[in-house]
Amino acid sequence: MRFLKQNYGWMIVAVLASLPLLAIFNMLHFDFSDAITISLIEESGGKGKTTLEMLYHVSGEFAIRWMTAVLTLTPVFIIFGVSNLFVRQAMGIATAIWSILHFIIFVAAEGFLETFTQVNYVAGFIAILIIIPLLFTSNRKSMKLLKVKWKKLQSLAYVAILLSLIHVAILDKTWIIYAVIVGLGFIIRVPVIKDEILKMRKSRKAAKS
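Just so we're clear, the structure is a prediction, and the values are computed from it rather than from any experiment.

With that settled, the discussion passes to the overall build of the protein. Assigned secondary structure in the protein consists of 11 helices and 2 strands. The linear arrangement of helices and strands in the protein, starting from the amino end, is α-α-β-β-α-α-α-α-α-α-α-α-α. Along the three orthogonal principal directions, the C-alpha set of the protein runs to about 65 × 45 × 40 Å. A buried classification covers 33% of the 209 residues belonging to the protein. Sequence-distant contacts, at least 24 apart, represent 61% of the contacts inside the protein between residues at least 6 apart.

Dropping the structure here:
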């Protein structure tokens with residue numbers, strides 16, 4: 001029971017991040033008869049999309065959703081004073097896993113060299129290159145080892161979301177809602193606005209006590 005109280009946050013994130021994998025697996029056929037082979041189940045995409053298009057859609061959509069969610073945590077802390085390092089780390093890991101999965105699906109279907117044929121692909125690839133070191137340093141050991149440099153490294157997440165938004169916008173997918181959420185988060189981080197919010201939060205807390 002004590003374990004659940006201390007860890008329920010990241011466990012919920014883990015479950016939420018894992019559930020969409022069921023949709024991915026339902027579109028794939030695994031053959032273990034000889035060597036392990038994976039093939040697409042045709043016409044399992046739905047919504048007028050091919051199976052491959054749906055794989056792109058699901059993996060890419062959840063990658064940018066989790067990335068946006070991670071970047072809202074600091075604004076949430078500023079406004080409400082609520083923060084949980086383990087939840088933040090779990091959400092960061094979910095972002096990285098879905099982003100890497102999206103890239104693996106693309107490379108498996110199109111080939112690695114296709115990555116460099118369009119601006120949106122290049123933007124997505126650079127975002128992946130940024131996300132990978134963020135994944136491996138998303139732990140307390142790295143925080144202690146890197147110290148001040150850890151925050152600077154993690155701030156590259158803002159570059160990754162910008163590149164991801166460019167990637168999605170060029171593909172003409174839904175991106176405005178993510179841009180608005182991230183934009184509001186940046187506004188809340190502006191020192192003048194941040195300080196005012198913190199003052200309001202402290203005065204509200206003092207009034208209650």
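That shown, we press on.
Once that is clear, we can look at the pairing of strand β2 (residues 37-40). Pairing between strand β1 (residues 28-31) and β2: 4 bridges, direction antiparallel. Its bridge partner lying in β2, Leu28 is registered against Leu40. Linking two consecutive strands that pair antiparallel, namely β1 and β2, is a turn of 5 residues.

At a closest axis distance of 11 Å, the pairing of helix α9 (residues 157-170) and helix α10 (residues 176-189) adopts a crossing angle of 150°. By the criterion of interaxial angle, the relationship of α9 to α10 is roughly antiparallel. In this structure, α9 meets α10 at a crossing whose hand is left-handed. The residues of α10 that touch α9, namely those facing Tyr158, Ile161 and Leu165, are Tyr178, Ala179, Val182, Phe186 and Arg189. In terms of residue class, the contact of α9 with α10 is built from 7 nonpolar, no polar and 1 charged.

If you trace the backbone, Thr72 turns up in the loop between α3 (51-71) and α4 (73-80). Assessed through its relative accessible area of 23%, Thr72 is described here as partly exposed. Taking the C-alpha atoms as reference points, Thr72 and Tyr158, separated by 86 residues in sequence, lie 11 Å from one another.

What counts, and where the lines are drawn
- Residues numbered from 1 in each chain as written.
- Predicted model: local features only at pLDDT ≥ 70, side-chain atom pairs only at ≥ 80, totals over all residues.
- Heavy atoms only, no water.
- Helix = DSSP H or I, 4+ residues; strand = E, 2+ residues; numbered from the N terminus.
- Buried < 20%, exposed > 50% of the residue type's maximum accessible area, 1.4 Å probe, protein only.
- Contact = heavy atoms within 4.5 Å.
- Pairing = 2+ DSSP bridges.
- Axes fitted to C-alpha atoms, helices over the stretch in contact; angles between N-to-C directions.
- Parallel < 35°, antiparallel > 145°, perpendicular 65-115°, else oblique.
- Left-handed = near helix turned anticlockwise from the far one by under 90°.
- Nonpolar A, V, L, I, M, F, W, Y, C, P; charged D, E, K, R; others polar.

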